[in-house]
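Letter by letter, the chains look like this.
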Amino acid sequence: MDMFTVHLDPGRKQPLYDQLYMHIKREIESGHLSYGTRLPSKRKLAGYLRISQNTLETAYQQLVAEGYVEAVPKRGFFVSKTDEVLRIGAEAPIPALRMLSMDTDAIVPRYDFSPTSIDLDVFPFTVWKKLAKETIQSEHKSLLQLGHPQGDERLRSTISQYLYYSRGVSCTPEQIIVGAGTESLFQLLLQILGRDNSFAVENPGYYRMYRILRSYGIDVQLLPLDEEGVDVAQLADGRSNIVYTTPSHQFPMGMVMPVNRRMRLLQWVNERDGRYIIEDDYDSEFRYSGKPIPSLHGMDSSGKVIYIGTLSKPLSPSLRISYMVLPGRLLEVYRTHYISYASTVSRIDQHVLYQFIKEGHFEKHLNKMRRIYKRKRDRLVAAVRRFPQPVDIIGENAGLHLLLKVRNGLSEEELVSLAKGAGIKVYGISGYCFEPVPEGSDPVILLGFAGLSEADIDAAARILEQAWFSVEPPSNKA
Ligand SMILES: Cc1ncc(COP(=O)(O)O)c(C=O)c1O
């Protein structure tokens, strides 16, 4: 070691040699100075620290006397091998950073029916790489500067066109805010909406939004679901003025809210000033059967629906690009109070995405993904239909996951655990419920199919069948 930097304070009561000795001792104990490390020469270190060589000699000799350091004639001072003894009482080492994960399972499952997975193999690598390469050119150097807080105008423009054609959302690019994920946009929205609001969310529902609301100390009304989703009658008591909903594919239950229900929800929101609907249209690109139903936003003519969409499902969740469409009144609040927040999305990524949509790759990619995901869904549905006992399939008409109501006498916990024992990760609905699931209700298991290949889906379904239906339910056991 050439030198080390230590702050020695001559103003302190503790003598300088002791300050230096303590510092080196701590460095050895903590492992920063390891066995065999050569300490700087006395002359050099004294000069560097601007202390006398005597002071330094005293500190080194103290370390030698206590066995921390060995003096080797003509070569210098070396850290001794004393680690086991010296570490006793030393500060606990900082644990290595682990990936933040909801999943605390130590065993990696063979097949994971995660509802947040997508098919990684069909990401448009070649086109994306080409566009990214073209973007990182000096002719685009202006992209290195901060852009518009709402996201680059051209990207917002393409998003507004896409939304109009695909979801019936009619908005101007000025109404769109591009942000790093739905959660991030939702938090901004909470600021825009201000304090005096009460929220209602679907139960079961999207835990991230619920958690954000609770973390702000907001009391949240839980709305139970029936087979059509949220019933507006639940809102009749006037407790809440803002509803967060996933009408196109309720998360997690999967039902698609029919048009008459949507109309009733819109009627409710229009009955009183200050009411809003937050429509999270997170996976509406993937609809497999039935007539396309326009978004709530598309059916609303009075500016009461805040629309949120994401590229996490059609492209990649790690891209972190989502968008929010604000009604005029809220846009005004945003422009007055929050426009100074810089955009949370890299302009390079925004530009690549803009080109990707503009050149027609997004549309092509979506069509391809729809075919792929439909095939996977069909495969899973067919495999489940072969199960020996009837299992209800729920929410299979849209999105990237479906649910199974399993009626073989086993509880949700038992189903999840038997699957786990067989190397399969499945998700019990209770993990998405914000209050305990009523006793006696049939267990519901959520299966995301996007991240598994068709062959994996077949194999995993066969294993599930074995695991769930070859055991005797507790009620039949003696
Ligand atoms: C209900 C719901 N909303 C939104 C999202 C997407 O969130 P983000 O845009 O933050 O990736 C998901 C992703 O799984 C979701 O399930």
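Residues numbered from 1 in each chain as written. Predicted model: local features only at pLDDT ≥ 70, side-chain atom pairs only at ≥ 80, totals over all residues. Heavy atoms only, no water.

(A) Representation of the domain arrangement of the chain. Examined at the domain level, the chain breaks down into domain 1 (16–86), domain 2 (111–117 + 364–476) and domain 3 (137–359). Distance from the C-alpha centre of domain 2 to the C-alpha centre of domain 3: 28 Å. Residue-level contacts link 25 residues of domain 2 with 30 residues of domain 3. Counting the surface lost from both domain 2 and domain 3, the interface buries some 2,400 Å², and carbon and sulfur atoms represent 67% of this. Three residues, Asn-397, Tyr-432 and Phe-434, lead the burial of domain 2 against domain 3; their summed loss comes to 28% of the area buried on that side. Here domain 2 is connected to domain 3 by zero salt bridges. Applying the counting rule to domain 2 against domain 3 returns 12 residue pairs in polar contact (both at pLDDT 80 or more). At seven residues, helix H13 (residues 361–385) tops the list of elements feeding residues into the side of domain 2 that touches domain 3. Its residues placed into classes, the side of domain 2 that touches domain 3 shows 14 nonpolar, six polar and five charged. (Domains from an automatic or database assignment. Contact = heavy atoms within 4.5 Å. Buried area = accessible area lost by both parts, 1.4 Å probe. Salt bridge = Lys/Arg side-chain N within 4 Å of Asp/Glu carboxyl O. Polar contact = N/O pair within 3.5 Å; in protein donor to acceptor, adjacent residues only side chain to side chain. Helix = DSSP H or I, 4+ residues; strand = E, 2+ residues; numbered from the N terminus. Nonpolar A, V, L, I, M, F, W, Y, C, P; charged D, E, K, R; others polar.)

(B) Examining empty space enclosed by the protein more closely. Counted under the stated rule, the structure contains three cavities of 30 Å³ or more. Space inside the largest cavity adds up to approximately 60 Å³. Considering the residues around the largest cavity, the lining is formed by 10 residues, among which Arg-167, Ser-248, Ser-284, Arg-287 and Ile-293 are closest to the centre. (1 Å grid on protein atoms, 1.4 Å probe; cavity = no way out; pocket = protein on both sides within 12 Å on 5 of 7 lines; lining within 4 Å. Points joined across faces, edges and corners; volume = space filled by probe spheres on them.)

(C) Geometry of the sheet that holds strand E6 (residues 220–226). Taken in spatial order, the eight strands line up as E4-E11-E10-E9-E8-E5-E6-E7 in an open sheet, and their pairing is mixed. Looking at the sheet topology across the chains shown, the edges are occupied by strand E4 (176–179) and strand E7 (229–230). Lying over the sheet, helix H6 (residues 153–167) contacts E4, strand E10 (305–310) and strand E11 (322–325), oriented at roughly 110° with respect to E4. (Pairing = 2+ DSSP bridges. Axes fitted to C-alpha atoms, helices over the stretch in contact; angles between N-to-C directions.)

(D) Highlighting the site of the ligand. Lining the immediate surroundings of the ligand are Gly-181, Thr-182, Glu-183, Tyr-206, Phe-251, Asp-280, Tyr-282, Thr-310, Ser-312, Lys-313, Arg-320 and Ser-322. At 2.8 Å, a side-chain N or O of Ser-322 approaches an oxygen atom of the ligand. Burial of the ligand by the protein amounts to 95% of the accessible area it has alone, namely 400 Å². Taken together, the residues of the shell around the ligand sort by class into three nonpolar, five polar and four charged. (Near = heavy atom within 4 Å. Areas by Shrake-Rupley, 256 points an atom, 1.4 Å probe, with all protein chains shown as cover.)

(E) Region of the structure containing a positive patch on the surface. A surface patch of positive charge is lined by Arg-38, Arg-43, Lys-44 and Arg-75. Accessibility expressed as a relative area gives 45% for Arg-38, which makes it partly exposed. (Patch = residues over 30% accessible without salt bridge, like charges linked within 9 Å, V, L, I, M, F, W, Y side chains within 5 Å. Lys, Arg positive; Asp, Glu negative; His and termini not counted. Charge placed at Lys NZ, Arg CZ, Asp CG, Glu CD. Buried < 20%, exposed > 50% of the residue type's maximum accessible area, 1.4 Å probe, protein only.)

(F) Layout of the pairing of strand E5 (residues 199–203). E5 sits mainly inside the fold: five of its five residues count as buried. Residues Phe-199, Val-201 and Asn-203 of E5 are buried on one face, and the alternating residues Ala-200 and Glu-202, pointing to the opposite face, are buried as well. Once you follow E5 into helix H8 (residues 207–215) and on to E6, the crossover reads as right-handed. The sheet contact formed by E5 and strand E8 (residues 242–245) spans three bridges and is parallel. Its bridge partner being in E8, Ala-200 is matched across the sheet by Val-243. (Right-handed = clockwise from strand over helix to strand, strands pointing away.)

(G) Broad picture of the packing of helix H14 (residues 412–421) against helix H15 (residues 454–469). Between H14 and H15, whose axes approach to 9 Å, the crossing angle comes to 125°. Judged by the angle between their axes, H14 and H15 are oblique. The chirality of how H14 crosses H15 is right-handed. Counting all contacts with H14, which are made through Leu-415, Leu-418 and Ala-419, the residues of H15 involved are Leu-464, Ala-467 and Trp-468. Residues that form the contact of H14 with H15 fall into these classes: six nonpolar, no polar and no charged. (Parallel < 35°, antiparallel > 145°, perpendicular 65-115°, else oblique. Left-handed = near helix turned anticlockwise from the far one by under 90°.)

(H) Representation of helix H12 (residues 347–358) in the model. Look at H12: 16 Å from first C-alpha to last across 12 residues, which is about the 16 Å you get at 1.5 Å a residue. For H12, the tally of buried residues reaches nine of 12 residues, placing the bulk of the element in the interior. For H12, every residue scored as buried is listed here: Arg-347, Gln-350, His-351, Val-352, Leu-353, Tyr-354, Gln-355, Phe-356 and Ile-357. For H12, the elements touching its buried residues are helix H5 (125–135), H6 and H13. Looking one or two residues beyond H12, the residue adopting positive phi is Gly-360, at roughly 85°. (Expected span 1.5 Å × (residues − 1).)

(I) Representation of the layout of surface pockets. Taken as a whole, the second largest pocket holds about 660 Å³ of empty space. In terms of lining residues, the second largest pocket is bounded by 24 residues, among which Met-253, Ile-429, Val-437, Ser-441 and Val-444 are the most central. Its residues assigned to classes, the lining of the second largest pocket shows 13 nonpolar, four polar and seven charged. Both domains that furnish three or more residues to the lining of the second largest pocket are identified here as domain 2 (111–117 + 364–476) and domain 3 (137–359).

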